[in-house]
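This is what each chain is made of:
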Amino acid sequence: MSSNSYDVIVVGLGAMGSATAYELAQRGSRVLGLERFTPAHSFGSSHGRSRIIRQAYMEHPDYVPLVLRAYELWEKIERDAQQHLLTRTGGLMLGPSDSQVVAGSLESAKTYQLAHEMLDSAEIRRRYPMFHTKPDTIGLYAPNDGFLVPEACIQAYLSQAERYGAELHYQEPIVEWKANEHGVEVRTERGQYQAEKLVLTVGAWAPQLLQDLGLPLQVERRVLYWFQPLEDISAFAPERFPIYIWEYAPGEDFYGFPAQGGEPGGLKVAFHTPIRQSVCTPETIDRTVYPEEIAAMRALLAEFMPSLNGELLSTATCMYTLTPDQHFVIGKHPQYERVVLASPCSGHGFKFASVIGEILADLARDGTTRQPIELFNIERFAR
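What counts and how
- Residues numbered from 1 in each chain as written.
- Predicted model: local features only at pLDDT ≥ 70, side-chain atom pairs only at ≥ 80, totals over all residues.
- Heavy atoms only, no water.
- Core = buried A, V, L, I, M, F, W, Y, C linked by side-chain atoms within 4.5 Å.
- Buried < 20%, exposed > 50% of the residue type's maximum accessible area, 1.4 Å probe, protein only.
- Contact = heavy atoms within 4.5 Å.
- Pairing = 2+ DSSP bridges.
- Helix = DSSP H or I, 4+ residues; strand = E, 2+ residues; numbered from the N terminus.
- Axes fitted to C-alpha atoms, helices over the stretch in contact; angles between N-to-C directions.
- Expected span 1.5 Å × (residues − 1).
- Salt bridge = Lys/Arg side-chain N within 4 Å of Asp/Glu carboxyl O.
- Phe/Tyr/Trp six-rings, centres within 6.5 Å; stacked < 30°, edge-to-face > 60°.
- Lys NZ or Arg CZ within 6 Å of the ring centre and 35° of its normal.

A few words on the nonpolar core. Here is a general trend for soluble globular proteins: nonpolar side chains tend to be buried in one another's company. If you look at the biggest cluster of nonpolar residues, it comprises 77 residues, and the most contacted ones within it are Trp74, Tyr255, Phe328, Ile330, Phe352, Ile356 and Leu360. Ignoring anything within four residues of it in the chain, the contact list for Tyr255 reads Ile52, Leu224, Tyr244, Ile245, Lys268, Val269, Ala270, Phe271, His272 and Tyr320.

Written out as structure tokens, the structure is:
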């Protein structure tokens, strides 16, 4: 076997790729990981200091077994890396009773008998007076929800992947990849590499690297905000204040977190569904955050969370890579048996990185997985 030959090459070492490299290396595979940027960078979709993890999954009940397995695997990497990554704060899903956020979460909670509690508007205000709910707003409270720190999670996976023998190359974007019945070949600006299998976890770069599939993928810009509350920030500590998602109008929602400490301080909040659509590519995304965007976020806070509408401490941009049905794409490449892919995750995938890493390692090594991934079948889109 040549020095440029591997069992599996993983392209893209963000959330999904770093977890995949770790899973493969831990199982004894000879792994090469290729990343176009530095470790845990801020140019893709896996930065911003916090990501929600929740069990009563509003998008579809079929996600629940996967997220429960994800919790187990987050605990596994915490033990392996000896690092705290997941903070349980409880989670509050807010909206009218017929909103997707509430009704979808309740369906999943009932289907899988997940711990939860239904709160009316008055009880929400009693427990969390910073939420200015309307009379028809109800909440599903789930005690096991919380948040992950994405940069720390990725660094933990990368460091442990290397500990188990993975070879990881940074600032080495790929130029092209090829596959046939004998193996795969990846060419970068620095060299050529061969392997038995290829895993593509390239996020917002998927439309370019998977052009041959004709997947209907759309990359959209999103903005993250950190505000200093107008009241004592200790009221927003993780042990007192939950993560939340609030459907404030039909099909429109925003979300937020407790105070985390550290830079940039304050509390993070963002629109999941933006006020205006902003389609982009990784090369054309506008990283400037404009006054009218800040004004829109402030107007929302003024109505629903006025005590959070203090000094704006920081902003950031990231990318969602969306499918038309907003479910994931996971599986083998329809034309190439030796190529496995996982992308995109439509803005709600980070919490699943641990289990998707396991799934992709299964598919690369064994050709199949025991995890339920029928919902994410590539064939529903691939031409």
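Having seen the model, we can carry on.
Spatially, E3-E8-E4 is the arrangement adopted by the three strands of the open sheet, whose pairing is antiparallel. Each edge of the open sheet carries a strand with a single partner, namely strand E3 (51-53) and strand E4 (86-88). Neighbour-to-neighbour, the strand axes of this sheet turn through a mean angle of 30°, independent of strand direction. Strand direction decides the pairing type here: E4 and strand E8 (residues 146-148), joined by three bridges, are antiparallel. From the neighbouring strand, Thr87 faces E8, where its bridge partner is Phe147.

Glycine aside, negative phi is the norm for most residues, and most peptide bonds take the trans geometry. That bond from Glu263 to Pro264 is cis: its omega, 0°, falls within 30 degrees of zero. Structurally, Pro264 can be placed in the loop between strand E15 (252-256) and strand E16 (267-271). One non-glycine residue with positive phi stands out, namely Gln113, at about 50°. Take Gln113: it is sitting in the loop between helix H3 (100-111) and strand E6 (117-119). The exposure class of Gln113 is exposed, given its relative accessible area of 76%. In this structure, Ser346 is a non-glycine residue whose phi angle is positive, near 55°. With respect to the element layout, Ser346 can be found in the loop between strand E19 (339-342) and helix H8 (353-366). The exposure class of Ser346 is buried, given its relative accessible area of 1%.

Bringing the environment of Cys345 into the picture now. Among the structural elements, Cys345 can be located in the loop between E19 and H8. Under the relative-accessibility criterion, Cys345 is labelled buried at 15%. Taking the C-alpha atoms as reference points, Cys345 and Phe376, separated by 31 residues in sequence, lie 9.9 Å from one another. Look past the residues within four positions of Cys345 in its chain and what remains in contact with it is Met16, Thr321, Phe328 and Ile356.

Let's shift gears to helix H5 (residues 150-163). Along its 14 residues, H5 runs 20 Å from first to last C-alpha, staying within 8% of the 20 Å computed at 1.5 Å per residue. Listing the buried residues of H5 in full gives Pro150, Ala152, Cys153, Ile154, Ala156, Tyr157, Leu158, Gln160 and Ala161. For H5, the secondary structure elements touched by its buried residues are helix H1 (15-26), E3, helix H2 (64-81), E8, strand E9 (167-169) and H8.

The next subject is the pattern of salt bridges. Counted by the stated rule, this structure contains 19 salt bridges. We note a salt bridge from Glu117 to Arg127, for which the minimum N-O separation is 2.5 Å. Of the two residues, Glu117 is situated in strand E6 and Arg127 in helix H4 (residues 121-127); the sequence distance between them amounts to 10 residues. Of the charged contacts, one joins Arg380 and Asp325 as a salt bridge, the two residues approaching to 2.8 Å between their closest N and O atoms. Highlighted residues: Arg380 in the segment after H8 and Asp325 in the loop between strand E17 (312-322) and strand E18 (330-332), separated in sequence by 55 residues. A cluster of three or more residues bridged by salt bridges with shared partners is formed by Glu23, Arg27, Lys76 and Asp362.

Two measures describe an aromatic ring pair: the distance that separates the ring centres and the angle between the ring planes. Evaluation of the coordinates by the stated rule reveals 31 aromatic pairs. Taken together, a centroid distance of 5.7 Å and an interplanar angle of 85° make the contact between Trp177 and Tyr336 edge-to-face. On the criterion of sequence distance, the pair formed by Trp177 in strand E10 (residues 174-179) and Tyr336 in the loop between E18 and E19 is long-range, its members being 159 residues apart. On the basis of relative accessibility, which here comes to 13%, the residue Trp177 falls in the buried class. Judged by relative accessible area, which is 29%, Tyr336 ranks as partly exposed. With a centroid separation of 6.0 Å and 75° between ring planes, the pair formed by Tyr244 and Phe254 is classed as edge-to-face. With Tyr244 in strand E14 (residues 243-249) and Phe254 in strand E15, this residue pair connects regions lying 10 residues apart in the sequence. The exposure classification of Tyr244 matches that of Phe254, with both residues buried. Aromatic rings pair up to connect Tyr128, Phe131, Phe236, Phe241, Tyr244, Trp246, Tyr248, Phe254 and Phe304 into one cluster. When the ring centre of Tyr6 is taken as reference, the NZ or CZ atom of Arg30 above it lies at 4.7 Å. The ring of Tyr164 carries the charged tip of Arg163 above its face, separated from the ring centre by 4.8 Å.

What is shown is where atoms sit, not what they do.
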